[in-house]
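Coordinate analysis (summary)
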2 protein chains.
Amino acid sequence: MADLIARLAEVLPAEAVLTDHDLLASHRHDEADLCDSGTPAVVVRPRTTGQVADVLRIAAELHVPVVPQGARTGLAGAANAVDGAIVLSTTAMTAIREIDPVNRTAVVQPGVVNAVLAAEVARAGLRYPPDPGSWQTSTIGGNVATNAGGMCCVKYGVTAEYVLGLEVVLATGEVLRTGRRTAKGVAGYDLTRLFTGSEGTLGVITEVTLALRPPAEDALTLVAVFGSTAAAGRAVAAIAARGLSPSLLELLDRTHLRAIEAYRPMGLRTDARALLLAAADTGPRAPADLELIAEACLAAGAEEVFAATDATEAAALLEARRLAHAAMERLAAETYPQGIGALIIDDVAVPRARLAELLDGVEQIAERHGIPVGTVGHAGDGNMHPNIVVDRTDPAVLTRGRAVFNEIMELGLALGGTCTGEHGVGLLKREWLAREAGPVGMRVQRAIKDALDPAGLLNPGKIL
Amino acid sequence: MADLIARLAEVLPAEAVLTDHDLLASHRHDEADLCDSGTPAVVVRPRTTGQVADVLRIAAELHVPVVPQGARTGLAGAANAVDGAIVLSTTAMTAIREIDPVNRTAVVQPGVVNAVLAAEVARAGLRYPPDPGSWQTSTIGGNVATNAGGMCCVKYGVTAEYVLGLEVVLATGEVLRTGRRTAKGVAGYDLTRLFTGSEGTLGVITEVTLALRPPAEDALTLVAVFGSTAAAGRAVAAIAARGLSPSLLELLDRTHLRAIEAYRPMGLRTDARALLLAAADTGPRAPADLELIAEACLAAGAEEVFAATDATEAAALLEARRLAHAAMERLAAETYPQGIGALIIDDVAVPRARLAELLDGVEQIAERHGIPVGTVGHAGDGNMHPNIVVDRTDPAVLTRGRAVFNEIMELGLALGGTCTGEHGVGLLKREWLAREAGPVGMRVQRAIKDALDPAGLLNPGKIL
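These numbers come from a predicted model, not from an experiment.

1. A short note on the relation of the copies chain B and chain A
- For these two chains of identical sequence, chain B goes onto chain A by a turn of 180° and a shift of 0.0 Å along the axis, with RMSD 0.0 Å. Such values leave the two copies arranged in the relation of a two-fold axis.
- A shared interface surface links the copies, since 100% of the contact residues of chain B are contact residues in chain A too.

2. Describing the environment of A299 of chain A
Residue and element names in this part refer to chain A.
- Tracing the chain through its elements places A299 in helix α10 (residues 286–299).
- Its relative accessible area of 60% is what places A299 among the exposed residues.
- When the C-alpha atoms of A299 and A235 are compared, they prove to be 7.6 Å apart, with 64 residues separating the residues in sequence.

3. Description of the interface of chain B and chain A
- Taken together, the contact pairs 74 residues of chain B with 74 residues of chain A.
- Here chain B and chain A share an interface that buries about 5,800 Å² over both sides, 61% of which is from carbon and sulfur atoms.
- The three residues of chain B that bury the most area against chain A are K184, V186 and Y189 of chain B, which together make up 17% of that side's buried surface.
- Across the salt bridge formed by E217 of chain B and R285 of chain A, the nearest N and O atoms sit 2.7 Å from each other.
- At the boundary of chain B and chain A, one finds 28 residue pairs in polar contact (both at pLDDT 80 or more).

4. What about the UniProt feature "domain: FAD-binding PCMH-type" (unreviewed entry) in chain A?
- When the UniProt feature table is mapped to this numbering, "domain: FAD-binding PCMH-type" (unreviewed entry) covers residues 36–215 of chain A.
- The span residues 36–215 of chain A is 22% helical and 22% strand by assignment, and the distance between its end C-alpha atoms comes to 42 Å.

5. What about the domain arrangement of chain A?
Residues and elements named next belong to chain A.
- According to the domain assignment, chain A contains domain 1 (2–89), domain 2 (96–211) and domain 3 (220–414).
- Counting from both sides, the interface comprises ten residues of domain 2 and, opposite them, 14 residues of domain 3.
- For domain 2, the biggest contributors to the area lost against domain 3 are M151, V154 and K155; these three give 71% of the whole.
- Where domain 2 touches domain 3, the interface holds two salt bridges.
- Two residues, K155 and D281, come together in a salt bridge whose shortest N-O distance is 2.6 Å.
- Scanning the region where domain 2 abuts domain 3 turns up three residue pairs in polar contact (both at pLDDT 80 or more).
- Counted by class, the side of domain 2 that touches domain 3 contains six nonpolar, two polar and two charged residues.

6. Section: the sheet that holds strand β6 (residues 105–108) of chain B
Residues and elements named next belong to chain B.
- If you walk across this open sheet you meet the five strands as β5-β6-β9-β7-β8, and the pairing is antiparallel. For this open sheet the edge positions go to β5 (96–100) and β8 (175–179), each flanked by a neighbour on one side alone. Going across the sheet, the axis of each strand differs from the next one's by a mean of 10°, ignoring polarity.
- Relative to β6, β5 runs antiparallel, the two sharing four bridges. Among the inter-strand pairings, I99 is bridged to a residue of β6, identified as A106.
- Contacts from helix α4 (residues 114–123) reach β5, β6 and β9 (204–211), with the element oriented near 35° to β5.

7. Re the pattern of salt bridges
Residues and elements named next belong to chain A.
- Within the structure shown, the criterion is met by 60 salt bridges over all chains.
- R264 is paired through a salt bridge with E319; the nearest N and O atoms lie 3.4 Å apart. Separated by 55 residues along the polypeptide, R264 in the loop between α9 (254–263) and β12 (274–280) and E319 in helix α11 (residues 311–322) bring together distant segments of the chain.
- Classification of R264 as partly exposed rests on a relative accessible area of 39%.

8. What to know about the side chain of T182 of chain A
All names here are of chain A.
- As for its position among the elements, T182 is in the loop between β8 (175–179) and α7 (191–195).
- Among the residues examined, T182 registers a relative accessible area of 1% and is labelled buried.
- In terms of polar contacts, T182 uses its side chain to reach the backbone carbonyl oxygen of K184, at 2.7 Å.

9. Observations regarding the sheet that holds strand β1 (residues 17–18) of chain A
Residue and element names in this part refer to chain A.
- A sheet is described by the order of its strands in space; here four strands give the open sequence β1-β2-β4-β3, paired in mixed fashion. Every interior strand has two partners, whereas the edge strands, β1 and β3 (66–69), have only one.
- Across four bridges, the pairing between β3 and strand β4 (residues 86–89) is parallel. Within β4, the residue paired with V67 across the bridge is V87.
- Across the sheet, helix α3 (residues 49–62) is in contact with β2 (42–44), β3 and β4; its angle to β4 comes to roughly 165°.

10. Regarding the side chain of S138 of chain B
All names here are of chain B.
- When you line up the elements, S138 lands in the loop between α4 and α5 (140–146).
- Accessibility expressed as a relative area gives 2% for S138, which makes it buried.
- A distance of 3.1 Å separates the side chain of S138 from the side chain of N143, its partner in a polar contact.

11. Some points on unusual backbone geometry
Residue and element names in this part refer to chain B.
- The backbone of E199 shows a phi angle near 55°, a positive value even though the residue is not glycine.
- By the element assignment, E199 lies in the loop between α7 (191–195) and β9.
- Even without being a glycine, N459 presents a positive backbone phi close to 45°.
- Of note, N459 is situated in the segment after α15 (430–452).
- Judged by relative accessible area, N459 falls into the buried class, the value being 1%.

Basis of the calculations
- Residues numbered from 1 in each chain as written.
- Chains lettered and ligands numbered in written order.
- Predicted model: local features only at pLDDT ≥ 70, side-chain atom pairs only at ≥ 80, totals over all residues.
- Heavy atoms only, no water.
- Least-squares fit on C-alpha atoms with pLDDT ≥ 70 in both.
- Contact = heavy atoms within 4.5 Å.
- Helix = DSSP H or I, 4+ residues; strand = E, 2+ residues; numbered from the N terminus.
- Buried < 20%, exposed > 50% of the residue type's maximum accessible area, 1.4 Å probe, protein only.
- Buried area = accessible area lost by both parts, 1.4 Å probe.
- Salt bridge = Lys/Arg side-chain N within 4 Å of Asp/Glu carboxyl O.
- Polar contact = N/O pair within 3.5 Å; in protein donor to acceptor, adjacent residues only side chain to side chain.
- UniProt positions renumbered as here; feature names shortened; annotations may be inferred.
- Domains from an automatic or database assignment.
- Nonpolar A, V, L, I, M, F, W, Y, C, P; charged D, E, K, R; others polar.
- Pairing = 2+ DSSP bridges.
- Axes fitted to C-alpha atoms, helices over the stretch in contact; angles between N-to-C directions.

As structure tokens, this is what we get:
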């Protein structure tokens, strides 16, 4: 290990090679702290592609695993360290190299924070839509490595749809350029998409070329109040069946409404079983579209629908949704005080038509196991996040919490869904990926991993 | 070979195993007839996934190459046979298994013709946007295998953006399922995208799950007349710079205008150096958007801009654009009569801001070599198709034609572009892919090919 640190110190400036014990401990894991993690031997913070390549060459030579990390806001343990690894943090690679309004492209280093890029792009009169829940702190590199989702996806798609090209350092230390800067391109296998969402298991992303869009339109927002989560699910199907394309379609269940209201009182309807938040950003047609969305909600059994009276009210509703994660963390901490409360955050997506069944099923599973579960998510995509509240110190509660988690996964797959809509596989969903992909699918994925990282040094144990 | 035919006859019905000489000859190549092609030993037309798997198992056992084919409308030789191969035609796999309006998905076999699917989807009140030039005859399987483009891409994207999941038979005969039926999903490596655009070199696509969209809005259309192709290119950059998103933005140069007018007289402005066709489908805002597009054209130097007065006139303009390929084929046949005329159809994409330079450069290259070149294409994507007119029997002309082709590729890459925007690599662009991807990129692609098809039996010689 002394050899490793000495070798790294030859290619990196002193401030980029970190071995302080507290710092190593703080880089053990992302937000999936219930997943396994190890203590890295060293954390490196390179600034350039050349430095990343040097690190990977040294790792290959000394046969040391490398765990790439962004802001560690992931929820599946994809950034969790293994003992003795080099943690390669991209957080010092923060250059925005280019924003081009005519080609509608941006070229950035991976450590640029999503919110920082979004603001810069807005200043150039354009928009970078992807808005994962972590957008104020998470990095573009992490967003790309996990193919992060968000609230915009229902109309504007996931991170991958904005990734035109990548620069990636391979396990050998070689630098690969994928993709293009053009609107279209079909030159060879789609390596850009292969690396996007590969969670650092195939290479380290060192530069991203992103597609941008014209600025967002002002959106009109409504809230629909439901007497059951299933009725809210039916409303989502009805909205899709009517050919509408809301720019936002989010669900909050009663557990979330109460947690958010407790966290920050804002007059939410805590007696409701579920709220749908919907928005239309179709310019002159937005009022009519919002009316059609309201009709679909009422036809599906909404007790009440009200439109935000102005932009301030609409922003407050969005803010309530954005607070869901923090509010549930608080709820877990209050349910099990003194640091023993925790959330197991699930991420399941089903075809929209099956959403009501999923929501009903989640409530039944939670009830059967006597474990509090709050569900929130991107209803328009059929992508739900059941948050399972557990005592991290009580093996019996943890076992029941994990049973809830597994039954929700089982239900999602039975409904034609996927085990992860946007959080990724990491460590948390490896067994479920194997279930979903099947033996042939796993063999193909393993063959690709082996072809690109035969020594298995890149983010070992993740995905596969 | 007798053994091969006998073995195939054991697993396929008699009418699905074809060895007639004329039929073998007609299945030698796609529309890239100037590329190398060989005579297959047999053409098989399976109807089921199980039959495809049987064929691939026999091929693996007897070590016979397999060349998948759809409608053979490709322009890069990706479907060209090699001597002694099994041509696996998917044209008998024509089932539309499902169209689901709530989930906005369709599940189809690969032999379904694009236009047939588009019509069925429209009957269900939805839209399948991808519209390659060949849409009336090409198959979804071929569209997916080549990641086909079209006129809709400028606003609605390429085929890949509509492919949610695939069923693929691997070189071993194993059946792989990729992707999902949900709006979002990040479970494992993106195998769906890896197979999309892989031109049959990694597996044979036997089922496709497609995303659908709400129906198209009526579009308003305009024509802008330019005194130079470069001015038309500048207009495209100006339209993008103003934040507009036309639903169509196509360019026709004078050679095309004259060829189309000769092919079917429709009163096109054959004195113009270039036309831009643009459309806006933004509903109530379309008239204003079209006005802004017109202003951008005039500011970039358009001599004249006129809007289609009604849907009939707009359809006629679109029809003129759709006739470009047939009209150029006719022009080649008339330039070099008695079957010796041919087109080398190029496909280059550059960042929009560089389109004017590309168009200027193509004209200079054509002039320098004294070879007629007509340019048409998807200007809004920066994706141009220079059509090089040659005498297929005259080696000197062919050499000059190929020099034009190569210089255009060279120019495209120098402008930050890609050697293929939508037609694919096939045989035609292999050397240019190697230039564009570089040695590391080629090694990675080769490693993936070897991982999935170690014996190299799937569509040998294509892409790599």
